[in-house]
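If you want the building blocks of each chain, they are given just below.
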Amino acid sequence: MNCGDLRGRMASYESGAEPTRREVRHLSRCKECAQEMARYGLLAESLEELSSQVVMVPAALEAALIAIPSAARPRLRAAVVVTHLRRNRRSYASGVALALTAGAATWATRSRRLEAA
Ligand SMILES: [Zn+2]
């Protein structure tokens, strides 16, 4: 098990996958990967806080607010954005996880290049 392989799997842990014994052993011995895993934990907490700030808007209220002429509803956009975020929370979380995975892969590739040089 190397750092790049493990870091490529870290996003799956936040999706509920359990680390294997080899991965747990690597995390217990590799300070850098343990720190990266801690960062994933912080990211997950941040996403959880974001989801707890979402205001649930009943569909009928949303439709009534949208029907108000735009000049009279300066705050409506925030409600629509919140509804959009609520509906697409998983997509945003997946996007963040994908970006982190890509970052980890880039880091691993760079590390291998540095080791080879
Ligand atoms: Zn490692």
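That block above? That's the structure.
Figured I'd write up the structure that's included with this text.

What counts and how
- Counting restarts for each chain, with residues numbered from 1 along the sequence as it is written.
- Residues qualify for local features only when their pLDDT is at least 70, as the model is predicted, and side-chain atom pairs are given and counted only at 80 or more; totals for whole chains, interfaces and linings, by contrast, use all residues.
- No hydrogens and no water enter the side-chain calculation; it runs on all heavy atoms of the structure.
- The way it works is that DSSP assigns letters per residue, a run of H or I at least four long becomes a helix, a run of E at least two long becomes a strand, and they are numbered from the N terminus.
- In this analysis the probe radius is 1.4 Å and the grid spacing 1 Å, with only protein atoms considered; a cavity is a set of points the probe fits into but cannot get out of, a pocket is an open set with protein on both sides within 12 Å along at least five of seven lines, and lining residues have an atom within 4 Å of a point.
- Grid points are joined across faces, edges and corners, and a volume is the space filled by probe spheres set on the points.
- Only Asp, Glu, Lys and Arg are considered charged, only Ala, Val, Leu, Ile, Met, Phe, Trp, Tyr, Cys and Pro nonpolar, and every remaining residue, Gly among them, polar.
- By this rule, a helix spans an expected 1.5 Å times one less than how many residues it contains.
- A 1.4 Å probe rolled over the protein chains alone gives each residue an accessible area, and that area as a share of the maximum for its type sets the label: buried under 20%, exposed over 50%, partly exposed in between.
- Whether two residues are in contact is decided by their heavy atoms, any of which lying within 4.5 Å being enough.
- Only the contacting stretch of a helix is used when fitting its axis, a line to C-alpha atoms as for every element, and angles between N-to-C directions run 0 to 180 degrees.
- Here the word oblique covers every angle except those under 35 degrees (roughly parallel), over 145 (roughly antiparallel) and from 65 to 115 (roughly perpendicular).
- Throughout, the arc means that of the directions going from the helix axis to the C-beta atoms.

1. Digging into the environment of Val96
And then number 1: Following the sequence through the fold, Val96 ends up in helix H6 (residues 89-116).
And then number 2: Distance in space between the C-alpha atoms of Val96 and Leu43 is 9.0 Å, their sequence separation being 53 residues.

2. Some details on the layout of surface pockets
And then number 1: The calculated volume of the largest pocket comes to roughly 440 Å³.
And then number 2: If you go around the largest pocket, you meet 20 residues; those closest to its centre are Glu14, Leu47, Arg89, Ala93 and Ser94.
And then number 3: Counting only elements with at least two residues in the lining of the largest pocket, the list comes to helix H1 (3-14), helix H3 (31-52) and H6.
And then number 4: Considering every element that reaches the lining of the largest pocket, the biggest residue donor is H6, with eight residues.
And then number 5: Tallied by class, the residues present in the lining of the largest pocket amount to 13 nonpolar, three polar and four charged.

3. What to know about H6
And then number 1: Between its first and last C-alpha, H6 extends 40 Å over 28 residues, near the 40 Å set by a 1.5 Å rise per residue.
And then number 2: Of all the positions in H6, only Ala104, Ala108 and Ser111 are classed as buried.
And then number 3: Those residues of H6 hidden inside the fold are in contact with H1.

4. A look at the packing of H1 against H6
And then number 1: Running from N to C, H1 and H6 point in directions that differ by 175°, and their axes come no closer than 8 Å. Taken together, the axis directions place H1 and H6 in an arrangement best described as roughly antiparallel. Together, Cys3, Gly4, Asp5, Arg7, Gly8 and Ala11 of H1 and Ala97, Thr101, Ala104, Trp107, Ala108 and Arg112 of H6 make up the contact between the two elements.
And then number 2: Each residue belonging to the contact of H1 with H6 can be placed in one class, and the counts come to six nonpolar, three polar and three charged.

5. Considering the side chain of His26
And then number 1: Summarising the element assignment, His26 is placed in helix H2 (residues 21-29).
And then number 2: His26 gets classed as buried once you look at its relative accessible area, which sits at 13%.
And then number 3: Here His26 is in contact with Met1, Asn2, Cys3, Leu6 and Cys33, once residues within four sequence places are set aside.

6. A look at H1
And then number 1: With 12 residues, H1 should reach 16 Å at 1.5 Å per residue; the first-to-last C-alpha distance of 18 Å fits that figure.
And then number 2: Buried within H1 are the following residues: Gly4, Leu6, Arg7, Met10, Ala11 and Tyr13. All buried residues of H1 lie within an arc of 160° about the axis, which places them on one face of the element.
And then number 3: Two residues or fewer after H1 comes Gly16, characterised by a positive phi angle close to 110°.

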